[in-house]
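If you want the building blocks of each chain, they are given just below.
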Amino acid sequence: MDYNFKESEKKWQDYWRASKVYEVGIDHTKPKYYVLDMFPYPSGAGLHVGHPLGYIASDIYSRYKRMKGFNVLHPMGYDAYGLPAEQYAIQTGTHPAVTTAKNIERYREQLDKIGFSYDWSREVRTSEPEYYKWTQWTFIKLFHSWYNLDSNKAESIQKLQEIFASNGNTAVKASCSGTELFSAEQWNNMTENQQQEILMHYRLAYLADTMVNWCPALGTVLANDEVSEGYSVRGGHPVERKSMKQWLLRITAYAERLLTGLDQLDWSESLKDIQRNWIGRSEGGSLIFNVHDSSHRIEVFTTRPDTVFGATFMVLAPEHELVASLTTAAQAAEVDQYIQRTKNRSERERMAEVKKVSGVFTGSFAINPFTGNKIPVWIADYVLMGYGTGAIMAVPAHDSRDFAFARHFNLPVIQVVNRKGEQPTNPDEWEDSYDSKEGVMIQSGFITGLEVKAAISAVVAEAEQRNIGKGRVNYRLRDAIFSRQRYWGEPFPVYYRDNMPFTLPESDLPLELPPVDAYLPTQSGEPPLARAKNWKNTEGYPLETNTMPGFAGSSGYYLRYMDPRNTEAYFSKEANDYWQQVDLYVGGAEHATGHLIYARFWNMFLYDIGLACKEEPFKKLINQGMIQGRSSMVYRVNPEKAAEYMLWEELRDKRMGVAFEKEYRDGHRKFDFFSPDAGLIIEVKRQQALEKLATSYEEYAKAHGYRLLLIPLIDFVVDMDGIRARIRKAIAGEEVPAFVDKPGLGSFPVFASKNLPGREYYSDALHVDISLVHNDILDIEAFKKWQPHLANAQFLLEDGKYVCGWEVEKMSKSKYNVQNPDELIERYGADTLRMYEMFLGPIEQSKPWDTQGIEGVFRFIRRFWKLFHNENNEWIVNDEEPAASELKVLHRTIRKIEEDTERFSFNTAISAFMICVNELHELKCAKKAILEPLILLIAPFAPHLAEELWNLSGHQRSVVYESFPQWNKDYITESTFSYPVSFNGKTRFKLELPVNFDAKAVEKAVLASDECRKWLEGKTVRKVVVVPNRIINIVH
RNA sequence: GCCCGAGUGGUGGAAUUGGUAGACACGAAGGACUUAAAAUCCUUUGGCCAUUGCGGCCGUGCCGGUUCGAGUCCGGCCUCGGGUACCA
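Remember, predicted model here, so these are calculated numbers, not experimental data.

A. How the structure looks around the overall build of chain A. Looking only at helices and strands, chain A has 35 helices and 39 strands in total. Its C-alpha atoms put chain A at 110 × 100 × 85 Å along the principal axes. Looking at chain A residue by residue over its 1036 residues, the buried ones come to 53%. In chain A, the proportion of contacts linking residues at least 24 apart, taken out of those at least 6 apart, comes to 71%. Per element, the accessible surface of chain A, about 48200 Å² overall, is 48% carbon and sulfur.

Put into structure tokens, the structure is as follows:
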């Protein structure tokens, strides 16, 4: 008998729930600490062992911080809107709310079994009206806000209207999508609709015609981060480009703040890099080119204004607004055809054809404002409408795409940047453009001779002077498409009057999701909400039928946790002032360009309007690595290949006395084995095949004077000796029948153990369910019962066992490698699972799941228990005074656990626990003074075990209210240090010396030692390096 | 293509600031206890050579460099993983 984890874990989980141990509130007597896990979407498949990895880490840290005296907020809830439940609804008619509730219940059950310290009284679900009321409320606020670039923050639209009415928009610096200037008078003379249309260009939540990622299979548009390589991230369906009227969030207004804000965050550099790349800031300038014989002007964005003297043509995106006016009559047909062709091409096709150069001349010419030269204006789809101005000046000498284009269409190439100290070469002979980040300008008028950097500023200054351009910063980041043509999402608090959108009054919130008769788009292609009866506001105006995307509800949930039941506000100022922001956020790096940008934007907006007290939502962030699956493989034998392999092993290298050839060919005939010496053909086949072919084989053999052996496969299983005997006889020249009729092999699969020789040549690997495999040994009986066709499977074993192979790959049902935490908890307990997941390796690293190792942690848990109990499971803890050696073990462990926990190095912390327990067993220590602090130390990691032992020690109160032990330097300090002594860098022996010896004393002592003399025999010491309490290195 | 990150025993990994490479654990082999099994405990376990004892050499993806000393720093390359992709 030892630790009964099942009984104990249930008991303490019940106790925690009943006594509300983990509920927290505002407590000004303690410092706060907010630990958050990324919002899970409760999928139907439940949790596998990869999911709780981050939750366990954050739970350990939360419990640790709590024992360190912090008031720890550690909530959990659900991102409950999502495509899977809706897809299921479309298929089955089950309301997504039903599916979601069921999935949540299962999720909760699994989470509870792991022993987390969540304050469940704060749970939120994005699909609950009490929650999404505030998502809608934020949308209304966004709608009524614009971004003032002068104050660098969001401000109310009302204020903007006042400015327009008094001054027009000429002095307004805003992040907006329309640039027409107007005066106060013009503004005041506009109709309301005209004014609303203009305001739409300024709103932070706005409606616009835009190119969207349309996914026909899902029947909805997707945001950029929801698309990867032309396919939807969820479901992997193809995505097309399409122009549609959609709601967007003006996240680009915050691009600069989103970028610079990263510097203050304690996130991994790689994650910050992903966000930096996604935001994609580039500095440059915009230049205006006049069009020859026309009043049109083309504005381009370039990061290299210095190369303007090398601009030999221009290229516009096919969708560019000037294309129609610039196209000459002669070119109209060709241009039109090109536009049609590019329009009809899917995103996939476009991506696949990146290398193909295509484009068409508009017939117009622009004037290079610096050279005065006439340059042709082309259109081509390598220029994107969505970036910069949708037009470029092409500098083929220094840009590889422009270069390829110039070569393809025979356009001139002029070199304008030259590497220092080199002679310019003839661009006509170049194979590619010349990358010119550094160099000196040539053939460039007034900037000739300047270095690139200086030339850039000179051109920008000149352009500003001449009023034909200015310095400009551009971002790759796009505004976020906020409409989804789906049912299962937040309804927009928006109605339409004369096709103009208006927001509902706040008092009408929440606008609840209405019932519908089906979850599909309508016949006319409208979103599912168009099916809802009476989907109108109180005045009878139609409501918006799109719903919000998945990231709407997850963008501000961390704020709601601070005050989740507040019916008057998103959250109270008091709660926000106390909890401030998330101190530690744990989750996967896959959210880098989605949730983690949107949430930062959302929070910055709430900060601007005075609601959130911190500009950034997540101070520190840790990305847990993925847990990959470890698949087990069995090897199904291809019987014919196996027989051939086995026979070749008998025949090759003259093992039977004569030489054989494998796969002997004579014209179109092919035989498995042939011996010219013996004139013998051997053929291995299935019984049925032999019966059919025997005659033709015999005829051939007879015609050539060869003898023939036809061996049915069954013999390899039942009569290997018989085969050998027949071959020997045949070689010896005895008469043997070519073909012995045998009963058929029947159809049963044969599996070969992994390490059998030749196995890789004659078998195919198949996935086998990992529950049927223990320590890579297959449970043959269970395997036979696994699938009907395996019932009479045969096995080729090694040492009486079937050894499986393994592969590391994604955890998935189809690979039979999903490890479910419930099974492991059932077998080893939650504490073992918690510690094992942490023991696997560094939290941030991806690693394969391997159930084999869990036994080690399970043993450790029981060995820990046995420090307190004898072999009869009786309590043996005593009150004896601890010895110095025992105190040293304890305090060294406390220090190590504290240090490792602080830096989230949980795997090494668990090693330290193991070392400590091993040492205390060695010391046979059962002293209360040592073991009680140890219980506290392990409480964050193995909370159930800790509660049980703490209780058995005679304490009435839960261990979670105790303080983390403190280590005492005096117990750890050593008086001597065992120096590794090396010669020329090679460690040779160790020398124990007092720690307080300085370098000189150490040197003297080591040179005087016998060992040292032995190693130095006859050599002169050239140098002695001493690092006190580290190493000694003697150079000779 | 561009931007990151990582390569250490049969396996997961340790080595925190340039200072004893392989901690801790799994697996494996051998042994003790047991009628037997499970559980538990003990020993060995990077490779090669030597083995009568001592020991010796090599070794952190590859090549080179800096240093008394490199898994760690620098330069070049290879492989794998992640991000991104006509972004002007």
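So, next bit.
B. Local environment of helix α29 (residues 884-902). Here α29 contains 19 residues, and its C-alpha end-to-end distance of 27 Å stays within 8% of the 27 Å for a straight helix at 1.5 Å per residue. Looking only at α29, the buried set comprises Glu-886, Leu-887, Val-889, Leu-890, His-891, Thr-893, Ile-894, Ile-897, Glu-898, Asp-900 and Thr-901. In this structure, the buried residues of α29 make contact with α2 (52-67), α30 (906-922), α31 (928-938) and α33 (969-972). Downstream of α29 by one or two residues, Phe-904 has phi in the positive range, about 60 degrees.

C. Highlighting the protein's contact with RNA strand B. Neighbouring RNA strand B are 54 residues; Thr-303, Arg-401, Leu-840, Arg-859 and Arg-863 lie closest to it. What you see for RNA strand B is that sugar and phosphate hold 62% of its atoms within 4 Å of the protein. Between RNA strand B and Asp-381, the relevant distance is 3.4 Å, taken from a base nitrogen to a side-chain nitrogen or oxygen of the residue. Side-chain polar atom of Asn-1033 to a base oxygen of RNA strand B: 2.7 Å apart, as the coordinates give it. Elements represented by at least two residues in the surface near RNA strand B include exactly α10 (269-279), β11 (297-302), α28 (854-868), α30, β37 (986-994), β38 (1023-1027) and β39 (1031-1035). Here the surface near RNA strand B is built from residues that sort into 20 nonpolar, 15 polar and 19 charged.

D. How the structure looks around the packing of aromatic side chains. For the structure on display, the rule yields 79 aromatic pairs. Between Trp-648 and Phe-673, the ring centres sit 5.8 Å apart and the planes meet at 10 degrees, which makes this aromatic pair stacked. Of the two residues, Trp-648 sits in helix α20 (residues 639-651) while Phe-673 sits in strand β26 (residues 669-675), which places them 25 residues apart along the sequence. For the pair Tyr-828 and Phe-858, a centre-to-centre distance of 5.0 Å together with 75 degrees between the ring planes defines the contact as edge-to-face. Separated by 30 residues along the polypeptide, Tyr-828 in helix α26 (residues 821-828) and Phe-858 in helix α28 bring together distant segments of the chain. Each member of the pair Tyr-828 and Phe-858 is classed as buried. Here the guanidinium or amino end of Lys-65 rests over the ring plane of Tyr-33, the centre of that ring lying 4.7 Å away. Positioned above the aromatic ring of Trp-967, the side-chain terminus of Arg-895 is 5.4 Å from the ring centre.

E. Structural detail: the nonpolar core. By size, the foremost hydrophobic cluster in this structure holds 81 residues, and its most contacted members are Met-835 and Phe-941. When residues no more than four places from it in sequence are discounted, the contact partners of Met-835 are Val-857, Phe-860, Ile-861, Ile-910, Phe-913, Ile-938, Phe-941 and Ala-942. The next biggest cluster of nonpolar side chains, apart from the first, holds 78 residues, and it includes Val-221, Trp-247, Ala-480 and Tyr-598.

F. Representation of the packing of helix α1 (residues 5-18) against helix α32 (residues 943-952) in the model. Across the interface, α1 lies against α32 with an axial gap of 9 Å and an inter-helix angle of 90 degrees. Classified by the angle between their axes, α1 and α32 sit roughly perpendicular to one another. Residues Ser-8, Glu-9, Lys-11, Trp-12, Gln-13 and Trp-16 of α1 pack against Pro-943, His-944, Glu-947, Glu-948 and Asn-951 of α32. Split into classes, the residues belonging to the contact of α1 with α32 amount to 3 nonpolar, 4 polar and 4 charged.

G. A look at the sheet that holds β39. Strand order in the open sheet formed by 4 strands is β37-β36-β39-β38, and the pairing between neighbours is mixed. The sheet is open, and its two edges are formed by β37 and β38, each paired on a single side. Neighbour-to-neighbour, the strand axes of this sheet turn through a mean angle of 20 degrees, independent of strand direction. Sheet topology note: the strand β36 (residues 976-983)/β39 ladder contains 3 bridges and is parallel.

H. Expanded view of the environment of Phe-313. In this fold, Phe-313 is placed in strand β12 (residues 313-316). As a C-alpha pair, Phe-313 and Pro-376 span 63 residues in sequence and 5.1 Å in three-dimensional space.

I. Quick peek at the confidence of the model for chain A. Chain-level pLDDT for chain A is 90 on average; 99% of the residues reach the 70-or-more range. The complex prediction reports pTM at 0.89, with the ipTM value standing at 0.95.

J. Fine view of the sheet that holds strand β6 (residues 220-222). Within the open sheet, the 4 strands sit side by side as β6-β5-β9-β19. Their pairing is antiparallel. The sheet terminates laterally at β6 and β19 (480-481), the two strands that pair on one side only. In the sheet, strand β9 (residues 240-249) pairs with β19 via 2 bridges, with the strands oriented antiparallel. Residue Leu-249 lies in a different strand from β19, and its bridge partner there is Ala-480.

K. View of the environment of Glu-962. Locating Glu-962 in the fold gives a position in the loop between α32 and α33. Take Glu-962: its relative accessible area is 19%, and that puts it in the buried class. For Glu-962 and Leu-936, which are 26 residues apart along the polypeptide, the C-alpha to C-alpha distance reads 7.4 Å. With near-sequence residues (within four places) excluded, Glu-962 lies in contact with Met-67, Leu-936, Trp-950 and Arg-957. Among the polar contacts listed, one links the side chain of Glu-962 to the side chain of Arg-957, at a separation of 3.3 Å.

L. Spatial organisation of helix α15 (residues 452-465). The terminal C-alpha atoms of α15 lie 20 Å apart, and with 14 residues this matches the ideal 20 Å at 1.5 Å per residue to within 8%. All of the buried residues along α15 are Val-452, Ala-455, Val-459, Val-460 and Ala-463. Viewed end-on, α15 has its buried residues packed into an arc of 130 degrees, placing them on one side of the element. Relative to its buried face, α15 has exposed residues pointing more than 90 degrees away, namely Lys-453 and Gln-465. Buried residues in α15 make contact with β10 (281-291), β16 (417-418), β17 (440-441) and β18 (469-475). Positive backbone phi, at 60 degrees, marks Asn-467, one or two positions downstream of α15.

M. Highlighting the environment of His-237. Within the secondary structure layout, His-237 lies in the loop between β8 (231-232) and β9. Each C-alpha atom of the pair His-237 and Leu-218 lies 7.7 Å from the other, and the pair is 19 residues apart in sequence. Discounting chain neighbours no more than four positions away, the residues touching His-237 are Cys-215, Ala-217, Leu-218, Gly-230, Tyr-231 and Ser-232.

Thresholds applied
Residues numbered from 1 in each chain as written. Chains lettered and ligands numbered in written order. Predicted model: local features only at pLDDT ≥ 70, side-chain atom pairs only at ≥ 80, totals over all residues. Heavy atoms only, no water. Helix = DSSP H or I, 4+ residues; strand = E, 2+ residues; numbered from the N terminus. Buried < 20%, exposed > 50% of the residue type's maximum accessible area, 1.4 Å probe, protein only. Contact = heavy atoms within 4.5 Å. Areas by Shrake-Rupley, 256 points an atom, 1.4 Å probe, with all protein chains shown as cover. Expected span 1.5 Å × (residues − 1). Near = heavy atom within 4 Å. Polar contact = N/O pair within 3.5 Å; in protein donor to acceptor, adjacent residues only side chain to side chain. Nonpolar A, V, L, I, M, F, W, Y, C, P; charged D, E, K, R; others polar. Phe/Tyr/Trp six-rings, centres within 6.5 Å; stacked < 30°, edge-to-face > 60°. Lys NZ or Arg CZ within 6 Å of the ring centre and 35° of its normal. Core = buried A, V, L, I, M, F, W, Y, C linked by side-chain atoms within 4.5 Å. Axes fitted to C-alpha atoms, helices over the stretch in contact; angles between N-to-C directions. Parallel < 35°, antiparallel > 145°, perpendicular 65-115°, else oblique. Pairing = 2+ DSSP bridges. pLDDT = per-residue confidence, 0-100. Arc of directions from axis to C-beta.

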